[in-house]
Amino acid sequence: MLDTNGAVFEFKSEEDDQFTKDYHRLVDSAVPLFAVKEDLLYLMESQGITYFMMPAVITKDRKDHNFYFEVETFETSRIKKYKYLRCD
């Protein structure tokens, strides 16, 4: 299991639903989003960034797409919540 340092994606929200819709609309892969979410969190946490990029080679329109997030931290715990903002 990857160590995401307490990072989680926001879930059960309109933003989470939009993230799922955008991902499946743009990414040409048989792998569902839920299967790669932990890897995406690990990537963002280990690199200290709040977005990830899907390269043109695996997108339906053959263009690079960035998925952007806002990170909310909680003083009482080590959890960081990644809230989906948009993709371009």
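Residues numbered from 1 in each chain as written. Predicted model: local features only at pLDDT ≥ 70, side-chain atom pairs only at ≥ 80, totals over all residues. Heavy atoms only, no water.

Turning our eyes to something else, we now look at the packing of helix 1 (residues 14-26) against helix 2 (residues 33-47). Orientation of helix 1 relative to helix 2, taken along the N-to-C sense of each, is 105°, at an axis distance of 12 Å. Here helix 1 lies roughly perpendicular to helix 2, going by the angle between them. Contacts from Asp16, Phe19, Thr20, Tyr23 and His24 in helix 1 reach Leu33, Val36 and Lys37 in helix 2. Taken together, the residues that form the contact of helix 1 with helix 2 break down as 4 nonpolar, 2 polar and 2 charged. (Axes fitted to C-alpha atoms, helices over the stretch in contact; angles between N-to-C directions. Helix = DSSP H or I, 4+ residues; strand = E, 2+ residues; numbered from the N terminus. Parallel < 35°, antiparallel > 145°, perpendicular 65-115°, else oblique. Contact = heavy atoms within 4.5 Å. Nonpolar A, V, L, I, M, F, W, Y, C, P; charged D, E, K, R; others polar.)

Another aspect to go through is the pattern of salt bridges. Considering all chains together, one arrives at 7 salt bridges under this definition. Where arginine 25 meets aspartate 22, a salt bridge forms, and the shortest distance between an N and an O atom there is 3.1 Å. Note that arginine 25 and aspartate 22 are positioned in helix 1 at a spacing of 3 residues, about one turn of the helix. Through salt bridges with shared partners, one network takes in Glu10, Glu72 and Lys81. (Salt bridge = Lys/Arg side-chain N within 4 Å of Asp/Glu carboxyl O.)

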